[in-house]
Amino acid sequence: MTARRRQPADARAPRPSYGVVRALPFDGDEAALVAAMRGGRADAAAAFYDRHAPSVHALVFRLMGPDAEIDDVVNDVFVRALESMSRLRDPGALRSWVYGITVRTVAIRFQKRSRQRWLRFMSPEDVPEVVAPAVSGELGEALREVHAILHGMDPDERIALLLHRVEGLSLEGAAEAAGTSVSTYRRRLARGEAKFFARAKSRPALDSWLGEGGS
Amino acid sequence: MTFHEPGEGLFRALREDAIPAFDHGAGRARFLERFAARRKPSRRRWALLAAAAAVVCAIAIGAWRATSEVTFSTAAGEGRAGTWLASGGTTDLPLIFSEGTRVVMAPGSRGRVDALRRSGASFLLERGRVSARVMHRTNADWRFLAGPFEVRVTGTRLGVDWDPAQERFAVRVEEGSVEVRGPNVGEPQVVREGEQCVVDVPRRTARLGPSDREGVPEADALADGGAAPPSGEKPEPYPRGASTLPAPLLAPGRPAASGSTWGRLEEKGDYDGAYAVATSVGLASILRSSSADELLRLAQVARLSGHRDTERDALVTCRRRFPGSERAAVAAYELGQSSSPGEAASWFDTYLGEQPSGALAREAAGRLIESRAAAGDDRGARDAAARYLARYPGGPHAPLARRVLTGAHE
């Protein structure tokens, strides 16, 4: 056990090879990972972040679009996950649990922005910085227009639209992730689709994308 | 066979859009720092933390009560000011406010909590009926807005009816007193406990007299801690006879469309079923042959069942087939409600042009300010704000109008 203790700096070199102890990456399944995190193991926490951060980041990006606050929201997701880990009933469903937290964290961020926008009546500084997508040409122009439309939509309707049409979730799965009933979700989706397409029709750059199946 | 939905290519492009770089290392370090900070406290620390938490909670609750604004919830969760609320065709919609006030929207009513304040809230009744039991507090300030009428309350039990189609308004007071402002009632008219005030705007009549029945049943039921009684067993809060009180526009049994199967389903609040029947009958046929009232109801069915394109078709058809009618103007207002800001502004403008003193004129004038500002038409928004303040200086959009005029919203 003494080999695990941190050595004083002056005692580190020369370091005998047999005295080095490296922490192996956590190798358990999701249930074991949750149990280890609840037990305070930092290696499990690191593994939790490593396993889920890429998908959380990707989902946040798809829901928010190019946005200066994406990293901040990802951080919020993991803080919320950490704070509510003790309430996770089915550790085997960790991935879908994190997915739901991510969706709700994005929704909360949108709502917060809406409130701030209302308080200051949509002053330009309230509008989050939009970073132009890296794609150029016709596709890039179309994506910029799409993100502009999405930014102007009601947060709940925007999330409903993206979960179903972009993430490909079923109505039931998307409703669960959004924390609503299926009927509420269906209404949000219908409104979101109607608004999205109504606004898209007025943007020439999207003309060729709005037919059956798009281009 | 592969089914392609409209815009699928666009959503596929979004799905496949390159994910920007992410500073995984920095995020991981922040997360692990947070994780390390959550070490399990010792028993003594727990005790100290609990004691500190109790003190903080006591202070926070006191401060919160003194400074925070009222909140409200519905069966669907926490409510938000500005969100439109609609009760079902046969079911109540209770709103529970954090300081104890209960407001119940009767079946077929539409409205919204317009503003939440520390001292109370404003409820805008677009159509139908609400009953309320307002908690009496020092400086309580509750307002019920219905068309051109405003009811100010400091603590009471009351019921408010508004039928925008007939432009008929009624308020009935069971406890305390209220002040009513609006056409034909004087400025302001005090209505006291046991009294009711009924106003018929087109006939320019206002009747203040003793209330003809006791109790405001919906709010009473909630105030006692129970759920709202089944609507089928609930006594009507106002008598139906004598035509002194308005029949809510969406109340079951009104003549328009009730003969059709989809109309009957709509009256029961089964909007999905009503829409399905309407499509099986043939939307084109309904649009071609229905009355203006039926077209407005079809628009509502389409909206509440999530078919916004059909809603728009019904409203546009109503305007095309019944030009110049009051219903056509209502269709313009509804089109404004469901359009993007730029388009919405033109619809609200249309309503005001066609019905400058209509039942929805004040709301349309306010929404015109909102939509022009949201569309970036600052000059138009200022113009609308000036006209709003000249006509409705105490209206629900007056604070916004003043901010627009002073540039404080920018």
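This is a predicted model, so every value here is computed, not measured.

1. Some points on the overall build of chain B
Okay, step 1: For chain B, the helix and strand inventory stands at 14 helices and 15 strands.
Okay, step 2: Looking at chain B as a whole, 43% of its 410 residues are labelled buried.
Okay, step 3: For chain B, contacts bridging at least 24 residues in sequence account for 47% of all contacts bridging at least 6.

2. Re helix α1 (residues 8-16) of chain B
Since the α-helix advances by 3.6 residues per turn, residues separated by three or four positions end up pointing in the same direction.
Okay, step 1: Within α1(B) the residues assigned to the buried category are Leu10(B), Phe11(B), Ala13(B) and Leu14(B). On an axial view of α1(B), the arc spanned by its buried residues comes to 155 degrees, and they lie on one face.

3. A few points about the nonpolar core
Okay, step 1: The biggest cluster of nonpolar side chains holds 57 residues, and the ones touching the most others in it are Val60(A) and Ala178(A).
Okay, step 2: Broken down by element, the residue count for this core peaks at 10 residues, all from helix α3 (residues 42-64) of chain A.
Okay, step 3: Not counting residues within four places of it along the chain, the set of residues in contact with Ala178(A) comprises Val103(A), Ile159(A), Ala160(A), Leu163(A) and Tyr185(A).
Okay, step 4: One finds Tyr271(B), Leu296(B), Tyr333(B) and Leu368(B) within the second-largest nonpolar core, a separate group that totals 47 residues.

4. Description of the environment of Glu145(A)
Okay, step 1: Note on placement: Glu145(A) falls in helix α6 (residues 137-151).
Okay, step 2: Once the C-alpha coordinates of Glu145(A) and Arg203(A) are considered, the two residues, 58 residues apart in sequence, prove to be 7.5 Å apart.

5. Considerations on the confidence of the model for chain B
Residue and element names in this part refer to chain B.
Okay, step 1: Taken over all residues, the pLDDT of chain B has a mean of 77, while the share at 70 or more is 80%.
Okay, step 2: Between the elements of chain B, mean pLDDT differs from a low of 38, seen in helix α4 (residues 217-223), to a high of 92, seen in helix α13 (residues 378-391).
Okay, step 3: The complex prediction reports pTM at 0.40, with the ipTM value standing at 0.77.

6. Quick word on the pairing of strand β10 (residues 156-163) of chain B
All names here are of chain B.
Okay, step 1: Of all the 8 residues making up β10, 8 are buried; the element is thus mostly covered by neighbouring parts of the structure.
Okay, step 2: Sheet topology note: the β10/strand β11 (residues 168-175) ladder contains 7 bridges and is antiparallel. Considered in β11, the bridge of Gly 159 is made with Arg 172.
Okay, step 3: With antiparallel pairing between neighbouring strands as the criterion, β10 and β11 make up a hairpin whose turn holds 4 residues, including Glu 167 at a positive phi of roughly 55 degrees.

7. Quick look at the interface of chain B and chain A
Okay, step 1: Counting from both sides, the interface comprises 38 residues of chain B and, opposite them, 44 residues of chain A.
Okay, step 2: Those elements giving two or more residues to the side of chain B that touches chain A turn out to be α1, α2 (24-37), α9 (308-321) and α12 (361-374) of chain B.
Okay, step 3: For the side of chain B that touches chain A, the element with the highest residue contribution is α2(B), accounting for 9 residues.
Okay, step 4: Taken together, the residues that form the side of chain B that touches chain A break down as 16 nonpolar, 9 polar and 13 charged.

8. Points about helix α8 (residues 292-304) of chain B
Residue and element names in this part refer to chain B.
Okay, step 1: Taking 1.5 Å per residue as the helical rise, α8 with its 13 residues ought to reach 18 Å, and the 19 Å between its terminal C-alpha atoms agrees with that figure.
Okay, step 2: The buried fraction of α8 amounts to 11 of the 13 residues, a majority that puts the element mostly inside the structure.
Okay, step 3: Every buried residue belonging to α8 is among Glu 294, Leu 295, Leu 296, Arg 297, Leu 298, Ala 299, Gln 300, Val 301, Ala 302, Arg 303 and Leu 304, and all of these are buried.
Okay, step 4: Positive backbone phi, at 85 degrees, marks Gly 306, one or two positions downstream of α8.

9. Describing the confidence of the model for chain A
Residue and element names in this part refer to chain A.
Okay, step 1: In this model, chain A carries an average pLDDT of 78, and 75% of its residues clear a pLDDT of 70 or more.
Okay, step 2: Here helix α1 (residues 9-12) stands out as the element of chain A with the lowest mean pLDDT, 44, in contrast to helix α4 (residues 70-84), whose mean of 91 is the highest.
Okay, step 3: Note that residues 1-21 has pLDDT below 50 and, in this model, 5 contacts with residues that lie over four places away or in other chains.
Okay, step 4: Below a pLDDT of 50 lies the segment residues 118-133, which in the model reaches 31 contacts outside its immediate sequence neighbourhood of four places, other chains included.

10. Side note on the packing of helix α2 (residues 30-38) of chain A against α3(A)
All names here are of chain A.
Okay, step 1: It is the contact of α2 with α3, at a shortest axis distance of 8 Å, that shows an interaxial angle of 130 degrees. Classified by the angle between their axes, α2 and α3 sit oblique to one another. In terms of crossing hand, the pair formed by α2 and α3 is left-handed. Mapping the contact onto sequence places Leu 33, Ala 36 and Met 37 in α2 and Ala 44, Ala 45, Ala 47 and Phe 48 in α3.
Okay, step 2: Split into classes, the residues belonging to the contact of α2 with α3 amount to 7 nonpolar, no polar and no charged.

The rules behind each value
Residues numbered from 1 in each chain as written. Chains lettered and ligands numbered in written order. Predicted model: local features only at pLDDT ≥ 70, side-chain atom pairs only at ≥ 80, totals over all residues. Helix = DSSP H or I, 4+ residues; strand = E, 2+ residues; numbered from the N terminus. Buried ≥ 20, exposed ≤ 12 C-beta atoms within 10 Å, placed from the backbone. Contact = placed C-beta atoms within 7 Å. Arc of directions from axis to C-beta. Core = buried A, V, L, I, M, F, W, Y, C linked by C-beta atoms within 7 Å. pLDDT = per-residue confidence, 0-100. Pairing = 2+ DSSP bridges. Nonpolar A, V, L, I, M, F, W, Y, C, P; charged D, E, K, R; others polar. Expected span 1.5 Å × (residues − 1). Axes fitted to C-alpha atoms, helices over the stretch in contact; angles between N-to-C directions. Parallel < 35°, antiparallel > 145°, perpendicular 65-115°, else oblique. Left-handed = near helix turned anticlockwise from the far one by under 90°.

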